[in-house]
Amino acid sequence: MELKILGQVRLQMHEQIKLGPTKVRGLLGYLAFRMNEAVHVDRIFEALWDDDHSADSGKRVQPQVSRLRRVLRESGCPADVLHEASSYRLEIDPSTVDLHRFRTTVRNGHRTRGRGNLSEAAGLFASAVGMWTGPPVADLNTTWARRLRATLVHSELIPAFCGLFDTQLALGDHDAVLDGLQRLLSEHTTEEQLAVRWIHALAVANRSGEVPAFYREFTQRLADDLGAQPSAQLVHAFRDASSPRRSNTAAPTPPSPPRVTPLFTGRDELLDQLDELLAGDDREVDVVVLDGLPGVGKTTLAKHWARRQHKWFPDGVLLADLAGYAEAPLIEPNTVIAEFLEELGVRATQIPDDTSERATLLRRTLSKKDVLVILDNVRDSMHVRPLLAATAGCRTLITSRQQLTGVIYRDGGQRVVIPALSDDDATRLLEKCVGHRATDDPATTSTLVELCQGLPLALRVAGEHIAARPAVPIGDLSTELRHERRLLDAGSHGDDHTTTLRSTFSWSYHNLRPEEQRAFRLVGLHPTTRFDVRAACALLGHDKLADVERLLDALVGAHLVAQEQAGRYLVHDLLYDYAIDIVRENEKADERDRAVRRLLDWYLGSACHARSLLLGDDQPVPELTPVDPVEPVAFDDANTALRWLVTERTNLIACAYRAVELAHHDHVWRLSACLNALNRHVSPHSLLEIHDLGRRSAELTGETAAVGGCLNNKGTAYALLNDHANAGHCFELAHRAFSAAGDMRGVAVSTHNTGVTHLNRGRPADAVTWLTRALAMNTRIQSDWAVANTHRRLGDANRMLHNVTDARSHYRLAAYTSQLADDLAGHATALRCLAQLSLEQDLLEDALQYGQAALDLFDRVHVDRTGGAAALTTLAATHLRLGSHAVATSMADEAIRTYREADDKSGEIDGLIIMGRSQAAAGESATAAQSWRSAQELISAPTDPRATVVRSLLETVDDRPIPIPRTTAQAAHLTQTPQRTGTDMKTVHIPD
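- Named according to an unreviewed UniProt entry, the protein is DNA-binding SARP family transcriptional activator originating from Actinophytocola oryzae.
- Entered under Sequence similarities (unreviewed entry) in the UniProt record, the comment concerning the protein runs "Belongs to the AfsR/DnrI/RedD regulatory family."

1. Comments concerning the side chain of T96
- Relative to the elements of secondary structure, T96 occurs in the loop between β5 (87-91) and α4 (98-114).
- A distance of 2.6 Å separates a polar side-chain atom of T96 from the backbone oxygen of D93.
- The residues touching T96, leaving out its near neighbours within four places in the chain, are M1, E2, L3 and R101.

2. Digging into the sheet that holds strand β12 (residues 562-565)
- Spatial strand order, β11-β13-β12: 3 strands in an open sheet with antiparallel pairing. Of all strands in the sheet, those bounded by a partner on one side alone are β11 (530-532) and β12. Across the sheet, the mean angle separating the axes of adjacent strands is 35 degrees when strand polarity is ignored.
- Inspection of the sheet shows β12 paired to strand β13 (residues 568-570) by 3 bridges, in the antiparallel sense. Paired with Q563 across the two strands is Y569, which belongs to β13.

3. Notes on empty space enclosed by the protein
- Here the structure, examined in full by the defined rule, presents 3 cavities of 30 Å³ or more.
- In this structure, the largest cavity occupies an estimated 70 Å³ of space.
- Around the largest cavity, the lining residues are A519, V523, H526, F531, A535, A536, L539, L540 and L552.
- For the lining of the largest cavity, the elements supplying multiple residues, two or more each, are α23 (514-523) and α24 (533-540).
- Take the lining of the largest cavity: its biggest share by element is 4 residues, from α24.

4. Quick word on the packing of aromatic side chains
- In the structure shown here, the tally under the stated rule is 18 aromatic pairs.
- Consider the rings of Y30 and W144, whose centres lie 4.7 Å apart with planes at 80 degrees: the pair is edge-to-face. Placement of Y30 in helix α1 (residues 22-33) and of W144 in helix α6 (residues 143-170) is noted, with a sequence separation of 114 residues between them. Accessibility assignment for this pair places Y30 and W144 in one class, buried.
- Relative to F214, the ring of W198 has its centre 6.1 Å away and its plane inclined at 40 degrees; by these criteria the two rings are tilted.

5. Overview of the sheet that holds strand β9 (residues 395-400)
- On the basis of which strands lie adjacent, the open sheet formed by 5 strands has the order β7-β8-β9-β6-β10 and parallel pairing. If you trace the sheet from one side to the other, it starts and ends with β7 (317-321) and β10 (414-417), each paired once. Across the sheet, the mean angle from the axis of one strand to that of its neighbour is 15 degrees, orientation sign disregarded.
- Note that strand β6 (residues 287-291) and β9 share 5 bridges and pair parallel. Looking at β9, one finds that V289 is bridged to I398.
- In this fold helix α11 (residues 268-278) packs onto β6, β9 and β10, with an angle of close to 175 degrees to the strand it touches most, β10.
- Strands in contact with helix α12 (residues 298-308) are β6, β7, β8 (372-378) and β9; relative to β9, the strand with the most contacts, it is inclined by about 160 degrees.

6. Quick notes on the pairing of β8
- In terms of burial, β8 is a largely internal element, 7 of the 7 residues being buried.
- Across 5 bridges, the pairing between β7 and β8 is parallel. Residue pairing across strands places L318 opposite V373, the latter belonging to β8.
- By the bridge criterion, 5 bridges tie β8 to β9 in an arrangement that is parallel. Across the sheet, V378 pairs through a bridge with S400, a residue of β9.
- Between the parallel elements β8 and β9, the chain passes through helix α15 (residues 381-390) in a crossover that is right-handed.

The rules behind the values
Residues numbered from 1 in each chain as written. Predicted model: local features only at pLDDT ≥ 70, side-chain atom pairs only at ≥ 80, totals over all residues. Heavy atoms only, no water. UniProt positions renumbered as here; feature names shortened; annotations may be inferred. Helix = DSSP H or I, 4+ residues; strand = E, 2+ residues; numbered from the N terminus. Polar contact = N/O pair within 3.5 Å; in protein donor to acceptor, adjacent residues only side chain to side chain. Contact = heavy atoms within 4.5 Å. Pairing = 2+ DSSP bridges. Axes fitted to C-alpha atoms, helices over the stretch in contact; angles between N-to-C directions. 1 Å grid on protein atoms, 1.4 Å probe; cavity = no way out; pocket = protein on both sides within 12 Å on 5 of 7 lines; lining within 4 Å. Points joined across faces, edges and corners; volume = space filled by probe spheres on them. Phe/Tyr/Trp six-rings, centres within 6.5 Å; stacked < 30°, edge-to-face > 60°. Buried < 20%, exposed > 50% of the residue type's maximum accessible area, 1.4 Å probe, protein only. Right-handed = clockwise from strand over helix to strand, strands pointing away.

Okay, here's the thing in structure tokens:
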């Protein structure tokens, strides 16, 4: 298999595969570019469509994903598109993608050249550039695609050609270089990397007389087309080619490399990256900027790399701490230049006072030296720029807590972000600090590693804190450090109080503007470390999103906050602890309370909007007047609302607990009501406690109907967990509470859910009694949505009692009434039930018509993905009965995928059973057995009737196809989709 994206997107197996429409080819190209990486659906949408309106991005992307999956599956391609949360990932062997092979070949070319094998290296570079048959992902002409092509050409193709030309020059083949460069320079008229090679080639070919004219024309183009000045590398190449070389005068004693860093741990990938960036004459950059959050180990990494590779720099290492973030005064560039000159052997009396003259002297002194310059702890780009000018042409490492965008954009610097340590490396570092006490107590060591969240300075501080107290058990010290953010102040026991995390963080905080400081402080009032920009608007009391985005950008630039994805942010746990402390110290209590109340109001308002779109009932959560104006999220559709609720679930639950702490009980039970909309989309276990919390808050505020609503929601969660005894108990208590409140809607809800509980416990006759009462109540209160749901469940109960006529009548009434209520999901579900009933009665054409109609409706709803999967399962069983084994297998496979993506294990069992039957009918006994074993592994309750079905199927499987059941009894036993557990009346009925 070979997948090509360096040109037109092509998939080659034994022959070229027809990929279909442009969007499918573009989707494959985009996912291949980001192979084996989960890509959010919004990013995919932006790549495939030049459209600013991405509210329906999931709806527009999903059909293309389905088409691509079908192409991959039908072609037998060993690649797959997997769904993860709101993202898709192309799972593929990287070696089959030409972009990956190109990059690997280029790296091998550099390594081979470094070993002195020039001929082999030239072949590798030539092979790499030959893989480009046209513009990358040429099928797409979107803004993203054009941007990608420009980036890949500039950052990857041109450097690969430069590697080829440098190697050919070293082999003496300057004619080949000039021929190749002539074509490229005609296409890339302002590409300085190519211009430098052209000048080198002219000089080697004894055509130096042509250099001045070329240089003048090229620099004029730079000025006219880009408004840019020539780079130091281009100027240096021109001077070298135009004038005789000066003799090199070495400093008496080269500046020494940094000292050994004995506790340095991990960072192998970063060290290799620095090797690639700064190695040899063919390097792509001279300036590398290391940035990251305070205490992440930027300086240690720079010093360790310099020490490790000091032989690359025969004239020494120049190192300066510019004190950009420290208690000491800022070190000015003029002072650093003077120190560098002295280290290089220039007498102090010969160093001029004027900064410009000093810089000129340093530049001249370094012009023929091979030194490494380390500019540590830089405050910002303006701070370091004079030093970059004075050390032009030298390989330079810069460290800063601030993102130095000026250096990167204007000075050609390469940014490298330093992440936190992995858990394994963090553990090793702690063991180095603490010794055997850490290895003797791995549980406590693991706790400390989690506390420090991979921050090397925190690990060093914790380690030294423990090492300085050898008589105290490590477990006791760990507990002490966890208590009340004690870790922030650990490390102050010696002679330097500035070594604490609090001091380290404070230097970054105090370097912010006042409004940025307030924004960071208020982050400490958010109940978790992850938040949305719109939540930050509420917290800060701002009504302009752009203003808050600018404030957060400043915090991201200072590495006090990280941006996870568009509009979403994350703060490191220890910085979050610091923010909690300083907000208490710097904000008045009433201002803090008001900010938290705004945040609670925003989350509640947004959750209410989401719930109203997700639950097709007519009972909104009563509004709560905000303390200050806030602007909750307005969702375009139910799919967007669901995605938001799932994303913000942790924050909503945390808000409920914060509201309890602050006695805002009216928020708590309302949040519980909103979270009930997630019952079928997240683990019900995670919602049990929040519904109980809501019940207690409702009791404290005397809202009896809300008590009933929270109990009803808790019962629904238990039902989804197949704990029908606890579910029935909750519905009974809810019925009492609703009755006491005189809430007839609530009484109808709990009556219906009690009937469904009887149904789930295998008591259809009792279920009919309760559901008939609920139907009468719902009819009296004129709730079409509730009437439809009760009819559907009465259909289920009569179907279990083999009252086929009554079951069909109730299902049809459910479909009709759902249409009246404009409830597409309810209508689709009723049609799916009619399809299943028709299947059981051998009315296969009816089953196909009802099933396809249900599937079409579910595709329009999007929110109820498991409903669509259930329709697919029924259709698969129908096609199996009709002998269409391939169609049945394909539909079962799609149903299983959807169930897995929705984490619906019960539905996945249904799909696997039908999948196995389809495979067995097609003579694939071994594959069928594997499907049934997978189903068997998922069945957790021994009382689940499907356990017996699967055991029976596995016992009878052999090399012959298993006969397809033809009678109604057989169908009910082996092809019926088992009754879904849970309840339909999910509404939390609450007082106005």
